Amino acid sequence: MTQLSVIRDHGSPESTHPDEELRRLVRGDSVHRTLYTDPSVFEKEMVRVFGGTWTYVAHESQIPKPDDFFTTQLGVRPVIVTRDSRGQVHVLLNRCTHRGSTVCREPSGSAKRFQCPYHAWTFANDGRLESVPWPKGYGSNFSYDAFGLGSVPRVESYRQFIFATFNMELPPLAEHLGPATEYLDAWLDRYPTGNVIVRSSAQKMMYRGNWKLSYDNAADGYHPAFSHRSLLKVAARYGDDRDMQYFAKRPDDGPLYVKYLGNGHTVVDQRPGMREGYWKWIRPFPGMEAFEAVLRKKYGDAEAERFLDMGPGAGLNLNIFPNLLIIGNHLQIIEPVGVDTTALSWYGTTIEGVPEEINTLRMRMQEDFPAFGEPDDLANFEEAQRGMLIPEMEWIDFSRGVGTGCEKTDHLGVVTGPVTHEHHIRGYFQEWSRLMTGATTGWSEDRGNADER
Ligand code: FES
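Residues numbered from 1 in each chain as written. Predicted model: local features only at pLDDT ≥ 70, side-chain atom pairs only at ≥ 80, totals over all residues.

### Considerations on the overall build of the protein
Tallying secondary structure elements over the protein gives 15 helices and 21 strands in all. Its C-alpha radius of gyration of 23 Å places the protein within 12% of the 22 Å reference for a compact globule of 453 residues. Counting only C-alpha atoms, the protein reaches 75 × 65 × 40 Å along its principal axes. Buried residues in the protein amount to 45% of all 453 residues. Of the contacts formed within the protein by residues at least 6 apart in sequence, a portion of 64% connects residues at least 24 apart. (Helix = DSSP H or I, 4+ residues; strand = E, 2+ residues; numbered from the N terminus. Rg over C-alpha atoms; globule rule 2.2 N^0.38 Å. Buried ≥ 20, exposed ≤ 12 C-beta atoms within 10 Å, placed from the backbone. Contact = placed C-beta atoms within 7 Å.)

### As for the domain arrangement of the protein
You can read the domains of the protein as domain 1 (55-169) and domain 2 (178-437). Using only C-alpha atoms to locate each centre, domain 1 and domain 2 end up separated by 32 Å. Taken residue by residue, the interface counts 12 residues in domain 1 and 16 residues in domain 2. Ranked by residues supplied to the side of domain 1 that touches domain 2, first place goes to strand E2 (residues 55-59) with three residues. Looking at the side of domain 1 that touches domain 2 residue by residue, the classes come out as four nonpolar, seven polar and one charged. (Domains from an automatic or database assignment. Nonpolar A, V, L, I, M, F, W, Y, C, P; charged D, E, K, R; others polar.)

### Observations concerning helix H15 (residues 423-437)
For H15, which comprises 15 residues, the first-to-last C-alpha distance of 21 Å matches the rise-based estimate of 21 Å (1.5 Å per residue) to within 8%. Most of H15 sits inside the fold, with 13 of its 15 residues counted as buried. Phi for Gly438, located one or two positions after H15, is positive at around 85 degrees. (Expected span 1.5 Å × (residues − 1).)

### Overview of the confidence of the model for the protein
The predicted model of the protein has a mean per-residue pLDDT of 90, with 92% of residues at 70 or higher. Note that pLDDT drops below 50 for residues 1-15; the model gives that stretch 21 contacts with residues more than four away or on any other chain. This model gives residues 449-453 a pLDDT under 50, and the stretch forms eight contacts once residues within four places in sequence are excluded. (pLDDT = per-residue confidence, 0-100.)

### Considering the environment of Arg33
Looking at where Arg33 falls in the secondary structure, it is placed in the loop between strand E1 (30-32) and helix H3 (34-37). In contact with Arg33, other than residues within four places in its own chain, are Met388, Glu394 and Ile396.

### With respect to unusual backbone geometry
At the junction of Phe321 and Pro322, the peptide bond is cis and its omega measures out at 5 degrees in the coordinates. Mapped onto the secondary structure, Pro322 falls in the loop between strand E15 (316-320) and strand E16 (324-327). Despite not being glycine, Arg159 has its phi angle at roughly 50 degrees, a positive value. Its place among the elements puts Arg159 in the loop between strand E10 (154-158) and strand E11 (161-165).

### Things to note about the pairing of strand E3 (residues 68-74)
Counting buried residues along E3, six of its seven residues qualify, which places the element largely inside the surrounding structure. Across three bridges, E3 lies against strand E6 (residues 108-110) in antiparallel orientation. Opposite Asp68, over in E6, you have Ser110 as the bridge partner. Sheet analysis places E3 next to strand E4 (residues 77-83), joined by six bridges and oriented antiparallel. Of the residues in E4, the one forming a bridge with Thr72 is Val79. As consecutive antiparallel partners, E3 and E4 are separated by two residues, and within that stretch Gly75 has a phi angle of approximately 65 degrees, a positive value. (Pairing = 2+ DSSP bridges.)

### Topic: helix H14 (residues 374-387)
End to end, H14 covers 20 Å across 14 residues, agreeing with the expected 20 Å (1.5 Å per residue, within 8%). Taken together, the buried positions of H14 are occupied by Glu374, Asp377, Phe381 and Gln385. Within H14, the buried residues cover an arc of 75 degrees as seen down the axis, which keeps them to one side. Across H14 from its buried face, at more than 90 degrees, point the exposed residues Ala379, Glu383, Arg386 and Gly387. At its buried positions, H14 is contacted by H3, strand E12 (203-207), helix H7 (211-217), helix H8 (224-227) and helix H13 (368-372). (Arc of directions from axis to C-beta.)

Structure, rendered in C-alpha cells:
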C-alpha cells in the first residue's frame, strides 16, 4: 500500500549520530547519556526499535469479536488494531491517506468502517478505502486501491498477545520470544483457561524522562530496598517475610535471580523466594481478611486456598523488549511520547473459571503497586533525566556484576545472575545496538568488556 512505501522510503531519519558513532555510544557496561537525551536518537528508535522488532500492540481479549477495534500506538505511530468481519486481525496506521488526519479517535469499540472526520473519506476495518465524497472531483484515474490505510505488514499473536513489525526479516514471533515463552507460559498456565482477559481501560501515568528509563528499571532488583523503602517499611509492620521484603535483606545471597533472555527480553524470578504459596506471601491490603473469610465459608479451606492463590501475581517481572512489562497481574505498556516524555499504561487482568470474588480481589491488589510503588520509580526516572542533561558527565553505568564471575551463560545465550546485578541491562543494550546500527558492540558476559578496556 502507498503508506508502507512512504515509511520505507523516509523511515530512517538522518541522525546527528551516524550508525558507527551510535555503536560507540554503547560500551557494554555503560552507555552515553545522549541515548536518553538526543531527539535524533529518539527519532531513529521510533523506526528501528519500535516496529523494527516485534512490538506488542494489544491483547486479543481487547478485540474479542468481529469488527472490534482498539486504538494504541506503535512507537509514536497512532494505530488501530482491528478484527475484521472475517475475524482476521490487522494493525492499521491511524492516518488518513488524504491529508494525514487520524481516522479513528475512540479508544476502543466496534465498527465495520472508519470515516475520517476531516473530509469523510471512509475506510473498511481491513484498511480498504471504500468511498470518498463527490468522487467525480478526482477524475477517472483515481485508484481506491492506492489509498487504503497503511497497515503493518506482519502481525502475529503468542497466546493472545498481539505483536506487530515492519521488519520482514525477523523470525516468527514465537521464535523471537524464545526463552521468554517459558515465563509467559508459566504466567498464564496458573489459570483455569490458560488465559487472562484485559477488559478494563488503563491506569495512565506520564513522566518527564526517556522511555528506556522504564525498561532499565523493569528487571532491576538493586533499587527496591532503597527506592521503595517506605513501601517496604509499611509492609514490614505485618511481618518480615512478605512480598519484596527479601530485596532489603542481602538479596544476592538468596534464591532469586534475574535473567537476560535474549532479543532484549529480561525477567526477575521471585518465585524461589515464595515459601508458602502466592496468597500467604503477598503484602497486606485493605479488606483481604474479609475476602478470605467469604471464600473459605463458600468453598471450604482447600478450594478457597486454591482460588486465593490465583489472586496475587505470579512472582515474575517479565519484560518483552521494547514495551511490554508483565508485573504482578498487570500488563504495563511503555508508550514513548518524546525523547524526554513517556506514558505508561497499566492494564489490570481478570481470569475466567474462578469465583467473581477472585477477580475483585485481583483488582484490589492491582491498585497496590501503581499507587504506592510506581511514584517512587517515576520520581527517580525524572531526576535521572535531569542529571543526564549535564554534558560533562557523559556515561551511564550498569557494570554491576562485571568481574564477579557470578553470571552464567547457557547454550541458548541466556545469562542468569544475582538479582541485584545488571547483566540484563547490558544484554538489552546489545539488542538495542543491533537494531539501531545493524551490529552489536561485541560485548560478551563471558569475556567482560575486555575489548573496550
Ligand atoms: Fe481525511 Fe481529508 S484528511 S478525509
